[in-house]
Amino acid sequence: RSILTAAVRWHHTAPESLKCAWQLHGDHLELRYANTLMRFDFVWLRDHCRSASCYNAKTNQRSLDTASVELGIKPKAVRVDENVMIVTLSLVKGPDGHVTRYGLEWLVKNSYEGQKQQVMHPRILWNAEIYRQAQVPSVDCRSFLETDEGLKEFLQNFLLYGIAFVENVAPTKEDTEILAERVSLIRETIYGRMWYFTSDFSRGDTAYTKLALDRHTDTTYFQEPCGIQVFHCLKHEGTGGRTLLVDGFYAAEQVLRQAPKQFELLSKVPLKHEYVENMGGCHNHMIGIGPVLNVYPWNNELYLIRYNNYDRAVINTVPYDVVHRWYAAHRTLTAELRRPENELWVKLKPGKALFIDNWRVLHGREAFTGYRQLCGCYLTRDDVLNTARLLGLQA
């Protein structure tokens, strides 16, 4: 009898120490290994073959034309040798099939069920007290610029906490630019590449005043908000102006625990954020669309918070019977974000550069007096994560 017409039953490996078993169903293979029950579509198994004819190991790219794989493909034979599963796949009435080989550990790592149990980005969620007790060290500028160890320490702190500091930076825009380029390409935006930031109201934005700024993430009005923001205070002759930092993921986690339906609503309802500017020679009209909370659908892991009450546009993407519940959920999240114990206040000073994960950590500032000048830039998120992975970090 064909392997598929035989009664569905579990096949166990020898030796039993492998603790691997599988069974075939009409449209998928079921595998139990490493305390994980996995299900693999037959076309998926053919598509992910790593043989030389299907996958270029030098370029790490697929060679197989996925659209050429017959959707009715079936396995003719399955066996496990040591830690490798070998599957022969072909059309039910076709010629001898294509042989695919998969390491069992590879299948666990790359199965849907395995991914559900993993996080893409390991993090330490924090409020002010948690962060202070962690005593996260700043990295010296020279170590940051000249050694992989210093850069790796900085990036590990940044990935875990969403903020990181570099000390002893020369207080100039040029030196800040060199610092930024150590980890990423600088993302040029409507604000330029590197920018000076004073209270001269040179742009149509509240940030260019001396007023206090409530917690927010930047560029919510971009289709893809900027990933990382760099701040370096070059001069302040006056009082006030402390920087406020809040871990948005910590606040969102409290909402998930206390009001999971509100968390779900905030992760599914799309909103518009808008930036309209007509100041001097600056004319811009930007619109970004997305939910307040963005999660990976397979494991519900939060990866981006888009929160800016200043730039949120008219809510016209939400029907009337949902919008009131959205307002209640937004109120719950805002209450968490505004808890005093969640507020980390930092006085930026010349020589101390701050990197902020703009997809996670909200920032603001208290009102100030006198002349205050900051410089900074936005970084491309992909390049920061690329640098981290090349240094062996999970990012």
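- Under an unreviewed UniProt entry, the name given to the chain is Trimethyllysine dioxygenase, mitochondrial, and the source organism is Mesitornis unicolor.
- In its Pathway (unreviewed entry) section, UniProt records this for the chain: "Amine and polyamine biosynthesis; carnitine biosynthesis."

**With respect to the overall build of the chain**
- When helices and strands are counted, the chain shows eleven helices and 24 strands.
- Dimensions of the chain, computed from C-alpha atoms along their principal axes, come out at roughly 85 × 55 × 45 Å.
- For the chain, with 395 residues in total, the buried portion stands at 50%.
- Within the chain, residue pairs in contact and separated by at least 24 positions form 70% of the contacts whose partners lie at least 6 positions apart.

**Points about the domain arrangement of the chain**
- The domain architecture assigned to the chain consists of domain 1 (21-113) and domain 2 (128-391).
- Domain 1 and domain 2 are separated by 43 Å when their C-alpha centres are compared.

**A few points about the environment of Glu-82**
- Within the fold, Glu-82 resides in the loop between β7 (74-81) and β8 (84-90).
- Through-space distance from the C-alpha of Glu-82 to that of Gln-135 is 46 Å; in sequence the pair is 53 residues apart.

**Thoughts on the sheet that holds strand β3 (residues 28-33)**
- Pairing is antiparallel in the open sheet, where four strands are placed in the order β1-β2-β3-β4. Looking at which strands have only one partner, the edges of the open sheet turn out to be β1 (11-12) and β4 (36-41).
- Judged from the four bridges that link them, strand β2 (residues 21-24) and β3 form a sheet pairing that is antiparallel. Bridge pairing in β3 links Ala-21 to Arg-32.

**Observations concerning the environment of Lys-173**
- Tracing the sequence through the fold places Lys-173 in helix α7 (residues 173-181).
- When residues no more than four places from it in sequence are discounted, the contact partners of Lys-173 are Met-194, Tyr-196, Leu-234 and Cys-375.

**Thoughts on the pairing of strand β17 (residues 271-279)**
- Two strands pair when backbone bridges link them, and β17 and strand β18 (residues 282-290) are joined in this way by nine bridges, in the antiparallel orientation. Paired with Glu-274 across the bridge in β18 is Ile-287.
- Joining the antiparallel neighbours β17 and β18 is a turn of two residues, in which Gly-280 adopts a positive phi near 60 degrees.

**Side note on the UniProt feature "domain: Gamma-butyrobetaine hydroxylase-like N-terminal" (unreviewed entry) in the chain**
- The feature "domain: Gamma-butyrobetaine hydroxylase-like N-terminal" (unreviewed entry), as annotated in UniProt, sits at residues 26-83 in this numbering.
- The span residues 26-83 carries 10% helix and 41% strand; its end-to-end C-alpha distance comes to 25 Å.

**Some remarks on the sheet that holds strand β16 (residues 243-247)**
- Ordered in space as β14-β23-β16-β21, the four strands form an open sheet in which the pairing is antiparallel. Of all the strands in the sheet, just β14 (213-216) and β21 (344-346) have a single pairing partner and so form its edges. In this sheet, adjacent strand axes meet at a mean angle of 20 degrees when their direction is disregarded.
- Two strands pair when backbone bridges link them, and β16 and β21 are joined in this way by three bridges, in the antiparallel orientation. The partner of Thr-243 across the bridge, within β21, is Val-346.

**Some points on the packing of helix α9 (residues 260-268) against helix α10 (residues 320-337)**
- At a closest axis distance of 9 Å, the pairing of α9 and α10 adopts a crossing angle of 110 degrees. Our classification of the angle between α9 and α10 gives roughly perpendicular. Of the residues in α10, those in contact with Gln-262, Leu-265 and Leu-266 of α9 are Val-322, Arg-325, Trp-326, Ala-328, Ala-329, His-330, Thr-332 and Leu-333.
- Of the residues belonging to the contact of α9 with α10, the class tally is seven nonpolar, three polar and one charged.

What counts and what doesn't
- Residue numbers restart at each chain and count upward from 1, following the sequence in its written direction.
- It should be noted that, the model being predicted, local features are given only for residues of pLDDT at least 70 and side-chain atom pairs only at 80 or more, the latter also being counted only at that level, while totals for whole chains, interfaces and linings use all residues.
- Each side-chain value is worked out from all heavy atoms of the structure, with water and hydrogens disregarded.
- UniProt positions are given in the numbering used here, feature names are shortened, and annotations may be inferred rather than shown by experiment.
- The helix count covers DSSP runs of H or I at least four residues long, the strand count covers runs of E at least two residues long, and both are numbered beginning at the N terminus.
- Using a 1.4 Å probe on the protein chains alone, a residue whose accessible area is under 20% of its type maximum counts as buried, one over 50% counts as exposed, and one in between counts as partly exposed.
- Residue contacts follow a heavy-atom distance rule, with two residues in contact if any of their heavy atoms lie within 4.5 Å.
- All domain edges in this entry derive from an automatic or database-based domain assignment.
- Here, strands pair whenever DSSP counts at least two bridges between them.
- Orientation is described by lines fitted to C-alpha atoms, with helices fitted over the stretch in contact, and by angles between N-to-C directions that extend from 0 to 180 degrees.
- Under this scheme an angle from 65 to 115 degrees is roughly perpendicular, one under 35 degrees roughly parallel, and one over 145 degrees roughly antiparallel; angles in between are oblique.
- Amino acid classes used here: Ala, Val, Leu, Ile, Met, Phe, Trp, Tyr, Cys and Pro are nonpolar; Asp, Glu, Lys and Arg are charged; the rest, including Gly, are polar.

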